Each structure stands twice: as C-alpha cells, then as structure tokens.
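# Secondary and tertiary structure notes
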2 protein chains.
Amino acid sequence: MSKFPNNIFGIIQDDLVAVEQELYTIIQSPVELVNDISTHLVQAGGKRLRPALYLLCARGGNPRQEELLPMAVAIELIHMATLVHDDVIDNATTRRGRQTANARWDNHSSVLTGDYLFAKAFSAIALGAEKKMLKILTDVICSMCEGEIVQLRESFNPDQDEADYRLRVSQKTADFIAASCELGAMSGGLDEGDTAQVREYGYAIGMAFQITDDILDITASAEQLGKPVGNDLRQGIVTLPVIYALKNSPHRDELRSIVTKQNMSDVDVKRGLEIVHEADAIEYSYAQVNHFLQHARNILPVTLNGSLRDSLLSVADFVGLRKF
Amino acid sequence: MSKFPNNIFGIIQDDLVAVEQELYTIIQSPVELVNDISTHLVQAGGKRLRPALYLLCARGGNPRQEELLPMAVAIELIHMATLVHDDVIDNATTRRGRQTANARWDNHSSVLTGDYLFAKAFSAIALGAEKKMLKILTDVICSMCEGEIVQLRESFNPDQDEADYRLRVSQKTADFIAASCELGAMSGGLDEGDTAQVREYGYAIGMAFQITDDILDITASAEQLGKPVGNDLRQGIVTLPVIYALKNSPHRDELRSIVTKQNMSDVDVKRGLEIVHEADAIEYSYAQVNHFLQHARNILPVTLNGSLRDSLLSVADFVGLRKF
C-alpha cells in the first residue's frame, strides 16, 4: 500500500524520523534471531499512520516532549505485533511486497516475536505514560483480539450483515486509530470535549481506511497491493463489497456458493470478484468511505491551529484517494 | 503436575480463592469463543504458584488490599498467555491431563486468545499498579520470549552446555518467579534489601522448579505428567539431564545421534531416556535442584514473620519433593 505523501506529515517530519530510529533501537535484543525478525518487520515499513496521527494530535496542544517519542513508538510496536500475528493466522507469505516473518522464518518464532513486540511496547511507556493512557492501549488490544477472533469464526459465512461488518472493522482497526488520536490529544493536554472529537475523527478515519483496504483487495493489482488480489475472499473474510453483492447482485446465489467454499480455485476467486464488481458494490462501498471521511472532516475541533487542521484534513483526503 | 498441599498456602487461602474467582470474571468477553477458550484455560487449573508467591511475599509487609488481587490475577494471566502460546509452538495436545486450546480449537484462535490474556493482564493493573511494577512485568515478558526463541533455535542441537541451559531456564521460568516475589515484596512495602533477597529466593525457587520439571519429563509416568514422557527429548529440547549424559555417558555418541534426530521414533526416545538414566544424570540434576533450594532457604530475609517464613520454606521443600 502506498505511503502518505510527505507533505501531509510535514509538521511532524522530525518526530517521524525519530520514531523510525527509536524503533530500531528499542527492539535490540541479545538474541540474534529476535533482532533479525524484529528488524525485518521494522524495515518492511508501512505508513506509520498510527504514530503519525498520535503525533499530529499531540501537536494540537503542548505535549511533554519526553512522552511523545515513547508513546509513538509503543503505538507502532503494538501495530507491528498484531500484523506479525495476523500473518501467522492468515498464512500470509507476503506483506507490502516483502516476505512475511512467518514465511521467511517460521510461525513459532513469529508468534514469540509478536509477544516480544507487545511487551517492548508497554516496556517503552510503563514508566512515563499516564496510567489511563496505558489502560486505553490495553483495552484496544483486547478489542483487536476479539475482532480478529470473530473474523476467524465467521470466515466463509455468507450470512453476515453490514452491522456485523462494521463492528468487526471497529474492533480490528478503527478503535486503535481512534485511540492513537485520543492518546495524542491527551498528550497534548487538549480539553475533554476536543479530545472526544479528535477520537471520533480517528475512529472515522479508521473505518474509512479499513473499508478502503477491503475495496482495494478487490480492485487493485497484486503489484499495487504487495499481496495477491482477492485475498480476503479466498480466505473467507466477507467484506463490505461482498456483503452488498450477496444481497443485491442478480448472481447472488452463485456468489454465495463461492463465498462458502473453503478451497476456492483461482477461477472461483476471479468469478467472485467479477460478480462483486458488476453489482456496483465498489461504488456503494466508496460511498461509505466518503461518508466516514466527511464525518472525520466535520468533527475536527475548530480550535486546532491551521497547519495542524490542514494536515488532519489531508489525511482524510488521502485515505479517500489512495488507489493501492 | 501435582498441586501444592493446601496447608503451604494456608495463610493466603482466602486471597487464592478470590484470585480464582477474579480470573473467571476478568476474562469475560462479549465474544463467546474468547470466553470459551479463556474459561477452558482457567479451568485447566495449575498450581497458581506465581500469584501464590506474590501474595505470600506481599503479606511479608503491609500491602494495600486493593492492589493485591489485580496484580495476582495479572501475574497468572501472563503465565496463562505464555502457556497457550507455548502449546501452539510445541504442537502440544495435552497439558495437565486436559486438551490444550490449540488441540480443542485451533492454533489461530489460541494465538489470539493468548494476546487477549496478555492485554487483559495489563488492563487489570494499568490503573492501580506502580509504574515500576509494570516495567518489571513487561521486561520479564521480553525475557521469556527471548528464552523461548533461543530454545526453539537451539532445538536438536547437542552442543549446548550447562551455562546455555541455565540462561535459558532463567529467561523461561526463573526470572518470572523472581519477579512475582519481588512484586510481592514491593506491594508489601519491604525495604530494598529484603526485596532483593525475596527476589533472589524466587529466582532460586524458579530454577529448582524448572530443573525438576525437566527431570520429571524423563522420570515420571505419562499419567503423572498429564502429557507424554520424554516430550522434551522428542521435541529437541535439550535439558540438564541430557546435557550431563551427552558429556558423561559411555553411550554419549549414541545419545548424540538420537538428540539430533528431527523425527524421533518411540524406540529412539525410549533408548535416549535409558542412556540418560544410566548416566546418573538424574542424580546430578537433583543435586542442582537441591543446591538452588538450599540457596532459596538461606536467602530468605530473617525479618519475615514466622508463619510466612514457614510457608516460603515449605514451598522450597515441596519443589524438591514433588514426584510429578
């Protein structure tokens, strides 16, 4: 998936460089294999969206400088830990065009490295962060685990509706992005009302972001995605465009029989995607994305200073525009 | 493995009952599958050694009652999370005579439930515990992950020496038991010297405990263990008795060829255990257990009150005597 244009995060560029350096430093372990796997994961990059949003929202106030970096790093480490466990769970072989840790090493070391990254995340902030900030993060991890387990349990189940989907996306993605913004507002010392609004902005960005991800899994090319197209469908993950097509397509019975197949052939996946495309499910899903992005724009506190508001608005624009 | 006799933990009996109840309460999730797996793990029981030691050491001073229960619960949840991930990693099918979570459900849900338990553990103490206590726990988890990864990397490697083994056992087991005691002393408000001694007691108990575990994997019956005999050998985990026999047995070359086999037959395992037995490796290993236990008894602060000292001494006695 593409990176955010640099100018969006211009006002926190130095912070992000520091986060990148600190990620490499904090994962250092006397155990070589732990280093190798963790370094591979940091090098794999990613958009660093969560720490960036945390930092932006913190800059909306007057953050204590010594709190900023550890919290931004902790947020990204937690995200990395969930990704490495997700890749084990999904048997994924590539992410962002690179081999996953489980493919390059093995599932077992990957599970342990994920645990290590979770622990390092909390280790980074245990002494510095406010207690209620720690609690927000632990609760978000519980929520993400619940979301992933529900996704696993409901895989290949064509009888999920949009409400099921939205809850799952909240738990998997939006709650964490909301928390990243909320924690930023707390670090910046924003008042309660503004903090709640910034959190809601993050939630809406998270929903839009995940729905876009789910759309791109259907519409982008493998080269653009850095992983195979139709991956979700193949794994039985029933996303918004598929839910819409299962309800509205003239070929919904055929799609239903594809969705429930535990071992889909390439032909099945191709035909499934075709039915989804023809059902206008992509347009419907993008309308939902735009709805969330509009809400994100509207809910941003008017008290935020101009350049910061501009950055947060640009994030919303970019999430809506990205094509891979 | 056998439970501790009730009288050892008599003075914290009420606390342990409360821990048991709270474990069931805290794991409750709106997601049924998370509940089912977590409840299965709590029901599988175990000795609750770590929370018991925490509580005993806390009772050596004047703990804040409201800190005790969450910390004891968090300690056991972290232990449970490591066990469920270990079982995934070892492909274990039984633990304590019951099906493991990965066998009864699947690896994927088990990985996520382990993550959930880690997060619940820190969620339980995020608001109440002192920050340095949180830091002790996160650092211990990092250490445990490192120990497990080294164990994985060094499996089927016959060229490990006793120093490698001791480091691995420290990281896997003793550091966490040491931390449980240290956290207890901190909750009790013991002075720095006593806290350091209580920590050292826990470390020695932990070393003795794990070496005993490794001995029993060779000497106990499958019924006693609640899992197959010779499991470590079969998985390539080279434990102290094997390290000793690899150095001192007249059949060390034969043992070496067995240890390095990635797919050991039952006959291989049986013959391997036989060589270990004949090399007096069990006696040698028990001597190490007794050395650590004696150190545990000697290092206990003299300032601890009588019944508490008696309990902690009884723990040392029991670790030395248990036969399964």
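Everything quoted here is computed from the prediction, not taken from an experiment.

## Regarding the overall build of chain A
Within chain A one finds 16 helices and two strands. Here chain A has a C-alpha radius of gyration of 20 Å; the compact-globule value for 324 residues is 20 Å, and the two agree. Principal axes of the C-alpha set define a box for chain A whose edges measure 55 × 50 × 30 Å. Counting every position in chain A, which comprises 324 residues, the buried fraction comes to 60%. Counting only contacts in chain A whose residues sit at least 6 apart along the sequence, the fraction spanning at least 24 positions is 75%.

## Comments concerning the relation of the copies chain B and chain A
When chain B is fitted to chain A, the best match, at an RMSD of 0.0 Å, comes from turning it 180° and sliding it 0.0 Å along the axis. Viewed as a symmetry operation, the transformation between the two copies matches a two-fold axis.

## A look at the packing of helix α4 (residues 65-90) of chain B against helix α8 (residues 162-188) of chain B
Residue and element names in this part refer to chain B. Packing of α4 against α8 brings their axes to within 11 Å, and their N-to-C directions diverge by 175°. Relative to α8, the element α4 is oriented roughly antiparallel. Packed against α4, whose contacting residues are Glu67, Leu68, Met71, Ile75, Ile78 and His79, the element α8 presents Phe176, Ser180, Leu183 and Ser187 at the interface. A breakdown of the residues in the contact of α4 with α8 according to their chemical character gives six nonpolar, three polar and one charged.

## Focus: the interface of chain B and chain A
Every contact between the two is made by 42 residues of chain B and, on the other side, 43 residues of chain A. Approximately 3700 Å² of surface area, both sides summed, lies buried where chain B meets chain A, with 76% of it carried by carbon and sulfur atoms. Our count for the contact surface shared by chain B and chain A stands at zero salt bridges. Those elements that place two or more of their residues in the side of chain B that touches chain A are α2 (32-43), α4, α6 (107-125) and α7 (131-153) of chain B. Among the elements that make up the side of chain B that touches chain A, the one with the highest residue count is α7(B) (15 residues). Residues of the side of chain B that touches chain A, tallied by class, amount to 22 nonpolar, eight polar and 12 charged.

## Overview of the packing of aromatic side chains
Residue and element names in this part refer to chain A. One pass over the full model with this rule turns up three aromatic pairs over all chains. Ring centres of tyrosine 244 and tyrosine 284 lie 4.2 Å apart, and the angle between their planes is 20°; this geometry places the pair in the stacked category. Here tyrosine 244, found in helix α12 (residues 240-248), pairs with tyrosine 284, found in helix α15 (residues 281-299); they are 40 residues apart in sequence, far enough to count as distant. Judged by its relative accessible area of 25%, tyrosine 284 falls in the partly exposed class.

Conventions and cut-offs
- Residues numbered from 1 in each chain as written.
- Chains lettered and ligands numbered in written order.
- Predicted model: local features only at pLDDT ≥ 70, side-chain atom pairs only at ≥ 80, totals over all residues.
- Heavy atoms only, no water.
- Helix = DSSP H or I, 4+ residues; strand = E, 2+ residues; numbered from the N terminus.
- Rg over C-alpha atoms; globule rule 2.2 N^0.38 Å.
- Buried < 20%, exposed > 50% of the residue type's maximum accessible area, 1.4 Å probe, protein only.
- Contact = heavy atoms within 4.5 Å.
- Least-squares fit on C-alpha atoms with pLDDT ≥ 70 in both.
- Axes fitted to C-alpha atoms, helices over the stretch in contact; angles between N-to-C directions.
- Parallel < 35°, antiparallel > 145°, perpendicular 65-115°, else oblique.
- Nonpolar A, V, L, I, M, F, W, Y, C, P; charged D, E, K, R; others polar.
- Buried area = accessible area lost by both parts, 1.4 Å probe.
- Salt bridge = Lys/Arg side-chain N within 4 Å of Asp/Glu carboxyl O.
- Phe/Tyr/Trp six-rings, centres within 6.5 Å; stacked < 30°, edge-to-face > 60°.

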